[in-house]
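# Inside the fold
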Amino acid sequence: MTAETLRTTGDLMKAGLVAPDGLAALDEVAGRYAVAITPAMAELIDPHDPDNPIARQFVPHVAELDTLPEEDADPIGDDRHSPVEGIVHRYPDRVLLKVAHVCPVYCRFCFRRERVGPARGKALAPEALEAALAYIRSRPEIWEVVLTGGDPLVLSPRRIRRLVAALAAIDHVKVLRWHTRVPVAQPDRVTDDLACALKADGKATYIVLHANHPRELTPAARAACGRLVDAGIPMLSQSVLLRGVNDDPGTLAGLLRAFVETRIKPYYLHHADLAPGTSRFRTSIAEGQRLMRSLRGRVSGLCQPTYVLDIPGGYGKSPIGPSYVTGAGDEQYRVEDYEGGQHGYPPGASD
Ligand code: SF4
């Protein structure tokens with residue numbers, strides 16, 4: 001469809017992804033929240049399909065101008081756990097290091113949508129990065145550094161190599177985890193040089209791929225992930241449960257199977273956060289639990305992610321079920337099988 005990333009409402013109109021008569025409102029959306037659709041993602045959009053799950057994720061919509069009272073610019077409370085710029089230290093043994101402010105694509109449901117985009121500059125400034133590294137060096141309890149943004153794989157292999165060397169030199173840091181959408185959004189960016197740059201001497205490196213629909217796992221995306229896994233980097237997935245994208249059992253099972261086929265272990269299925277202007281994407285928690293039940297027993301155990309909610313206010317992630325066990329105390333436990341059958345299990349039998 002196009003060889004360039006679509007970045008303006010004019011680009012979207014020329015590509016046939018938005019109608020000319022709605023451009024003024026969409027310009028207002030684009031002025032508030034960044035827009036980008038890479039060629040790899042644009043190719044997956046059928047402009048004649050109003051329900052296209054890829055378009056729904058990336059094409060701006062006028063509903064984004066409506067912020068509900070419960071929505072928040074900082075929906076998971078990063079700010080209250082940020083001791084220095086670029087660091088979020090929510091749990092004792094790990095920090096987020098937000099090294100980039102930009103992404104190859106901008107997701108319309110993004111939980112950091114008020115913080116990402118070219119208007120914020122591309123990356124953390126050198127002095128801020130040095131202060132963030134100094135913070136990590138000063139805290140021996142930090143075992144894992146989660147590199148995020150934006151998307152940290154927008155940085156060049158040269159910059160990534162420098163950053164990895166700085167982190168690898170910190171004795172108490174044992175694990176580097178990169179969260180990215182690049183292998184699906186810009187698969188050509190995943191070169192052997194990049195894979196090599198990501199690996200840290202004496203540390204474990206993991207990559208967590210963000211994808212939400214099985215169509216995102218194109219042959220090119222699968223090959224890009226293959227280059228990372230073949231380089232010795234284990235991959236995990238994270239997806240957001242999104243109305244109209246993956247909120248049906250068939251699509252969700254297809255997505256999770258596509259990950260496993262690509263040697264990516266499903267990790268998190270996020271309940272959509274209360275980010276501003278994103279209500280059209282949110283399901284209820286009960287719907288999410290029903291979908292998770294639809295997977296249990298019917299789709300390989302390898303494919304099962306943990307369904308999690310980031311509690312608003314910065315209280316961290318909690319698994320939100322469903323649960324298959326009730327009762328306790330002196331009573332028998334009641335354990336439910338994947339077809340809904342109920343079974344007793346003695347209390348204290350394993351104590
Ligand atoms: S890639 Fe991640 S940080 Fe970037 S817009 Fe999408 S959800 Fe937000």
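Each chain carries its own residue numbering, running from 1 in the written order of its sequence. Totals for whole chains, interfaces and linings use every residue, but because this is a predicted model, local features are given only for residues with pLDDT of at least 70 and side-chain atom pairs only at 80 or more, for both listing and counting. Only heavy atoms go into the side-chain values, all of them from the structure, while hydrogens and water stay out.

## Digging into the overall build of the protein
Where we set the bar: Secondary structure counts use DSSP, requiring at least four H or I residues in a row for a helix and at least two E residues in a row for a strand, with both numbered from the N terminus. All radius of gyration figures rest on C-alpha atoms, and the globule criterion is 2.2 Å times the number of residues raised to 0.38. Residue exposure (1.4 Å probe, protein chains only): buried if accessible area is under 20% of the type maximum, exposed if over 50%, otherwise partly exposed. Two residues form a contact once any of their heavy atoms are found within 4.5 Å. We get accessible surface area from the Shrake-Rupley algorithm with a probe of 1.4 Å; when it comes to residues, only the shown protein chains can shield them. Counted charges follow a simple rule, with Lys and Arg positive, Asp and Glu negative, and His plus the chain ends left uncounted. Here the site of a charge means NZ on Lys, CZ on Arg, CG on Asp, or CD on Glu.
Secondary structure summary: the protein contains 11 helices and 12 strands in total. Relative to the compact-globule value of 20 Å for 351 residues, the protein shows a C-alpha radius of gyration of 21 Å, a close match. Taking the principal axes of the C-alpha coordinates as reference, the protein spans close to 65 × 50 × 40 Å. Expressed as a percentage of the 351 residues in the protein, the buried residues total 51%. Considering only contacts in the protein between residues 6 or more positions apart, those separated by 24 or more positions represent 74%. Total accessible area on the protein stands at roughly 15400 Å², and carbon and sulfur atoms take up 53% of it. Computed over 41 positive and 44 negative side-chain charges, the separation of the two mean positions in the protein equals 4 Å.

## What about the sheet that holds strand 10 (residues 325-326)?
The following threshold applies: By the convention used here, strands pair only if DSSP detects at least 2 bridges between them.
Pairing is antiparallel in the open sheet, where three strands are placed in the order 10-11-12. Edge strands, defined here as strands with exactly one partner in the open sheet, are strand 10 and strand 12 (342-345). With four bridges connecting them, strand 11 (residues 333-336) and strand 12 associate as antiparallel partners. Bridge assignment links Arg 334 to a residue of strand 12, and that residue is Gly 344.

## Looking at the packing of helix 10 (residues 249-261) against helix 11 (residues 285-295)
Rules: The axes used here are C-alpha line fits, helices contributing only the stretch in contact, and every angle between their N-to-C directions lies in the interval 0 to 180 degrees. An angle below 35 degrees is read as roughly parallel, one above 145 as roughly antiparallel, one from 65 to 115 as roughly perpendicular, and any other as oblique. Handedness of a crossing follows from how the near helix is turned relative to the far one, being left-handed for an anticlockwise turn of less than a right angle and right-handed for a clockwise one. Only Asp, Glu, Lys and Arg are considered charged, only Ala, Val, Leu, Ile, Met, Phe, Trp, Tyr, Cys and Pro nonpolar, and every remaining residue, Gly among them, polar.
The contact between helix 10 and helix 11 brings their axes to 10 Å, and the two run at 60 degrees. By the criterion of interaxial angle, the relationship of helix 10 to helix 11 is oblique. By crossing handedness, the relation of helix 10 to helix 11 is classed as right-handed. For the pair helix 10 and helix 11, the contacting residues are Pro 249, Leu 252, Ala 253 and Leu 256 in the first and Leu 291, Ser 294 and Leu 295 in the second. By residue class, the composition of the contact of helix 10 with helix 11 is six nonpolar, one polar and no charged.

## Observations regarding unusual backbone geometry
Residue Gly 150 is reached from Gly 149 by a cis peptide bond, and omega for that bond is 15 degrees. Tracing the backbone shows Gly 150 in the loop between strand 3 (144-148) and helix 6 (157-168). The residue after Gly 321, namely Pro 322, is reached through a cis peptide bond having omega 5 degrees. Its place among the elements puts Pro 322 in the loop between strand 9 (317-319) and strand 10. For Arg 263, which is not glycine, the phi dihedral falls at a positive 70 degrees. Position of Arg 263 among the secondary structure elements: in the loop between helix 10 and strand 7 (264-271). Exposure remark for Arg 263: the relative accessible area of 45% places this residue in the partly exposed category.

## So, the nonpolar core
Quick reminder of the rule: Residues belong to one nonpolar core when they are buried, are Ala, Val, Leu, Ile, Met, Phe, Trp, Tyr or Cys, and are joined through side-chain atoms within 4.5 Å.
Core analysis: the biggest nonpolar cluster contains 97 residues, and Ile 37, Leu 97, Ile 136, Val 145, Leu 167 and Trp 178 have the highest contact counts within it. Those residues in contact with Val 145, other than ones at most four positions away along the chain, are Val 95, Leu 97, Ile 136, Leu 167, Val 173, Val 175, Leu 176 and Arg 177.

## Quick notes on the environment of Thr 306
Relative to the elements of secondary structure, Thr 306 occurs in strand 8 (residues 306-310). What makes Thr 306 partly exposed here is its relative accessible area of 36%. Taking C-alpha positions, Thr 306 is 27 Å from Ala 231, a pair spaced 75 residues apart along the chain. Not counting the four nearest positions on each side in its chain, Thr 306 is found in contact with Tyr 267, Tyr 268, Leu 269 and Pro 319.

## Concerning the side chain of Asn 212
Formally: Throughout this description, a polar contact denotes any pair of N or O atoms lying within 3.5 Å of each other; where both atoms belong to protein, one of them has to be capable of donating a hydrogen while the other can accept it, and for residues adjacent in sequence the pair is counted only when both atoms sit in side chains.
Take Asn 212: it is sitting in the loop between strand 5 (204-210) and helix 9 (219-230). Relative accessible area serves as the criterion here: at 0%, Asn 212 is assigned to the buried category. Here Gln 57 takes part through its side chain, which lies 2.9 Å from a polar atom of the side chain of Asn 212. Aside from chain neighbours lying at most four places away, what touches Asn 212 is Gln 57, Phe 109, Arg 181, Ser 239, Val 240, Leu 242, Val 245, Asn 246 and Leu 255.

## A closer look at the packing of helix 5 (residues 126-138) against helix 6
The geometry of helix 5 relative to helix 6 is characterised by a closest axis approach of 10 Å and an angle of 25 degrees between their N-to-C directions. It follows from the interaxial angle that helix 5 and helix 6 lie roughly parallel. Where helix 5 crosses over helix 6, the handedness of that crossing is right-handed. For the pair formed by helix 5 and helix 6, the contact residues are Leu 129, Leu 133 and Ile 136 on the first element and Leu 163, Ala 166 and Leu 167 on the second. Its residues assigned to classes, the contact of helix 5 with helix 6 shows six nonpolar, no polar and no charged.

## With respect to the site of the ligand
We count it as follows: Being near a molecule or strand, for a residue, means having at least one of its heavy atoms within 4 Å of it.
Surrounding the ligand, one finds Cys 103, Val 105, Tyr 106, Cys 107, Cys 110, Arg 181 and His 210. Class assignment of the residues belonging to the shell around the ligand gives a composition of five nonpolar, one polar and one charged.

## A closer look at helix 6
Since there are 3.6 residues in each turn of an α-helix, residues three or four apart along the chain are aligned in direction. In plain terms, the rule: Helix span, expected: 1.5 Å multiplied by one less than the number of residues in the helix. Directions pointing from the helix axis toward each C-beta atom define the arc.
The terminal C-alpha atoms of helix 6 lie 16 Å apart, and with 12 residues this matches the ideal 16 Å at 1.5 Å per residue to within 8%. Listing the buried residues of helix 6 in full gives Ile 160, Leu 163, Val 164, Leu 167 and Ala 168. Axial view of helix 6: buried residues confined to an arc of 135 degrees, hence all on one face. Facing away from the buried side of helix 6 by over 90 degrees, the exposed positions are Arg 158 and Arg 162. Residues of helix 6 that are buried make contact with strand 2 (94-98), helix 5, strand 3, strand 4 (175-180) and helix 8 (192-198).

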